[in-house]
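A closer look at the structure
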Amino acid sequence: MGRLLAVQLARAGHRVEVHGIGGPDAEGSAARVAAAMLAPLAESAITEPGVVRMGQHGLARWPELLAQLSKPVFFQQDGTLILWHRQDAGDAARLQQTLARTQGAVAGLPAMETLDGARLAALEPAVAGRFHQGLYLPGEGQLDNRQLLAALAATLQELGVAVHWHSARTAQDFRPGEAGQPDLLLDCRGLGARAQWRELRGVRGEVVRLHAPDVHLQRPTRLVHPRYPIYIAPKEDGIFVIGATEIESDDLSPASVRSTLELLSAAYAVHPGFAEARILELATQLRPTLPDNLPAVRVREPRVLEVNGLYRHGFMIAPALLDAVLELLHTGQSPLAQRFELRVQLAHQQP
């Protein structure tokens with residue numbers, strides 16, 4: 001979020017300076033670990049219509065934002081595939097009902113398609129013969145989060161932005177508006193801002209990155225699971241990101257055996273080619289989350305604007321938050337925020 005805002009403000013002619021707790025690779029951040037799926041209808045199973053609208057906006061905006069960057073970023077919009085085993089058909093039916101309600105409530109979502117065995121085999125040959133029914137959500141997509149972070153860092157350098165890596169700062173380190181100080185402070189620190197935004201909590205996630213050149217899934221695939229939906233996101237060069245776990249915990253210790261077994265077993269159940277995959281990384285990270293699991297923007301004090309609470313939808317909704325924040329900075333109000341039901345709290349509205 002911070003890098004996106006910095007690039008857009010620099011392009012608009014503002015003098016921008018960035019302080020980041022990590023380096024250009026964003027080590028230690030949720031953004032680096034994420035799968036970066038752009039799936040508003042699929043995610044509607046666990047979120048609100050406003051977030052779905054943000055996701056729709058993001059799908060339209062990402063190609064425009066990526067075209068401005070100095071390095072290419074993998075972006076795909078070939079839809080989402082949802083699969084299930086026979087014993088999970090009841091859960092799949094309930095999920096389908098939820099997605100249908102979302103389509104009725106949010107205009108502009110492409111109609112989902114119910115797949116029989118023949119249509120599934122034609123759409124995703126890699127799973128032919130192992131699954132005989134599924135759902136296809138057209139128009140959804142994904143991008144490569146690590147390529148994006150690198151491209152944003154390179155673009156900041158190209159634009160002449162002063163970037164200070166490994167430079168942790170708090171809001172109290174600046175006095176916006178005073179001589180020699182910035183005119184405006186934008187705080188996008190995620191869980192690093194908990195001292196100022198005390199409602200923030202961490203929601204733990206565990207993600208496996210695999211190299212599986214013998215697996216040829218063409219699009220993000222979700223497997224209906226009794227406890228949580230497991231996703232498999234194919235990136236370039238045979239790389240797959242597999243995750244799902246969502247644990248109410250600030251624990252950043254290594255992944256548990258149970259979670260790892262469930263993720264890898266689910267991947268193998270989707271495609272046996274994962275048996276010979278190589279585990280590149282097993283990562284844990286915390287998603288910055290507010291009590292309602294929704295993002296928010298607030299001006300806690302004059303000249304200090306905070307963006308936080310992106311939870312598990314960061315890459316999907318980032319362009320919507322970007323554009324809403326830019327509206328606020330330029331006009332003091334945001335029609336987009338109203339459309340997205342985005343909570344915006346101004347300084348005079350603080351309790």
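Summary of the structure given here. (Residues numbered from 1 in each chain as written. Predicted model: local features only at pLDDT ≥ 70, side-chain atom pairs only at ≥ 80, totals over all residues. Heavy atoms only, no water.)

1. Considering helix α8 (residues 257-270)
With 14 residues, α8 should cover 20 Å at 1.5 Å per step; its first-to-last C-alpha distance of 20 Å lies within 8% of that length. Buried residues in α8 make contact with β4 (80-83), β10 (201-211), β11 (221-223), β12 (230-234), β13 (239-243) and β14 (278-289). (Helix = DSSP H or I, 4+ residues; strand = E, 2+ residues; numbered from the N terminus. Expected span 1.5 Å × (residues − 1). Contact = heavy atoms within 4.5 Å.)

2. Examining the packing of helix α1 (residues 2-11) against helix α7 (residues 145-158)
The contact between α1 and α7 brings their axes to 10 Å, and the two run at 30°. One way to sum up the angle between α1 and α7 is to call them roughly parallel. Where α1 crosses over α7, the two elements pack in a sense that is left-handed. On α7, the residues touching Arg3, Leu4, Ala6, Val7 and Arg11 of α1 are Leu149, Leu152, Ala153, Thr155 and Leu156. (Axes fitted to C-alpha atoms, helices over the stretch in contact; angles between N-to-C directions. Parallel < 35°, antiparallel > 145°, perpendicular 65-115°, else oblique. Left-handed = near helix turned anticlockwise from the far one by under 90°.)

3. Notes on the environment of glycine 160
Turning to its location among the elements, glycine 160 is positioned in the loop between α7 and β8 (162-164). Judged by relative accessible area, which is 61%, glycine 160 ranks as exposed. (Buried < 20%, exposed > 50% of the residue type's maximum accessible area, 1.4 Å probe, protein only.)

4. Observations concerning unusual backbone geometry
Note on backbone geometry: most residues besides glycine have negative phi, and most peptide bonds are trans. One non-glycine residue, asparagine 293, lies in positive phi territory at about 60°. For asparagine 293, the location among the structural elements is in the loop between β14 and β15 (296-301).

5. A closer look at the packing of aromatic side chains
Taken as a whole and assessed by the stated rule, the structure comprises one aromatic pair. Residues phenylalanine 240 and phenylalanine 274 carry aromatic rings whose centres are separated by 5.1 Å and whose planes lie at 85° to one another, so their mutual orientation is edge-to-face. Pair noted here: phenylalanine 240 is in strand β13 and phenylalanine 274 is in the loop between α8 and β14, with a separation of 34 residues, a long-range link. Relative accessible area serves as the criterion here: at 2%, phenylalanine 240 is assigned to the buried category. The class for phenylalanine 274 is buried, based on a relative accessible area of 7%. It is arginine 298 that lies over the ring of tryptophan 197; its NZ or CZ is 4.2 Å from the centre. (Phe/Tyr/Trp six-rings, centres within 6.5 Å; stacked < 30°, edge-to-face > 60°. Lys NZ or Arg CZ within 6 Å of the ring centre and 35° of its normal.)

6. Observations concerning helix α9 (residues 314-331)
With 18 residues, α9 should cover 26 Å at 1.5 Å per step; its first-to-last C-alpha distance of 25 Å lies within 8% of that length. Along α9, the helix axis deviates most sharply at alanine 320, where the bend reaches about 25°. Taken across its 18 residues, α9 has 13 buried, putting it largely inside the fold. Once α9 ends, the next one or two residues include glycine 332, with phi positive near 85°. (Bend = angle between axes of the 7 residues up to and from the residue.)

7. What to know about the side chain of arginine 222
Structurally, arginine 222 can be placed in strand β11. The class for arginine 222 is buried, based on a relative accessible area of 7%.

8. Re the pattern of salt bridges
All chains considered together, the criterion is met by 20 salt bridges. A salt bridge links arginine 53 to glutamate 341; the shortest N-O distance between them is 2.8 Å. Note that arginine 53 is positioned in helix α4 (residues 49-67) and glutamate 341 in the loop between α10 (335-339) and β17 (343-345), a separation of 288 residues in sequence. On the accessibility criterion, glutamate 341 (54% relative accessible area) is exposed. As a salt-bridge pair, glutamate 306 and arginine 300 come within 2.9 Å of each other at their nearest N and O atoms. Among the charged side chains, a salt-bridge network with shared partners connects Glu43, Arg222, Glu246 and Arg312. (Salt bridge = Lys/Arg side-chain N within 4 Å of Asp/Glu carboxyl O.)

9. Some points on the environment of arginine 175
Positionally, arginine 175 belongs in the loop between β8 and β9 (185-187). Separated by 56 residues in sequence, arginine 175 and arginine 119 place their C-alpha atoms 60 Å apart.

10. Considerations on the sheet that holds strand β5 (residues 113-116)
If you trace the eight strands from one edge of the open sheet to the other, you get β5-β6-β4-β11-β12-β13-β10-β14, paired in mixed fashion. Every other strand in the sheet has two partners, leaving β5 and β14 as the edge strands with one partner each. If you compare each strand with its neighbour and ignore which way they point, the axes differ by 25° on average. Pairing analysis gives four bridges linking β4 to strand β6 (residues 133-137), with the strands arranged antiparallel. Bridge pairing links threonine 80 to leucine 137 in β6. Those strands touched by helix α5 (residues 89-105) are β4, β5 and β6, and its axis lies near 20° from that of β6. (Pairing = 2+ DSSP bridges.)

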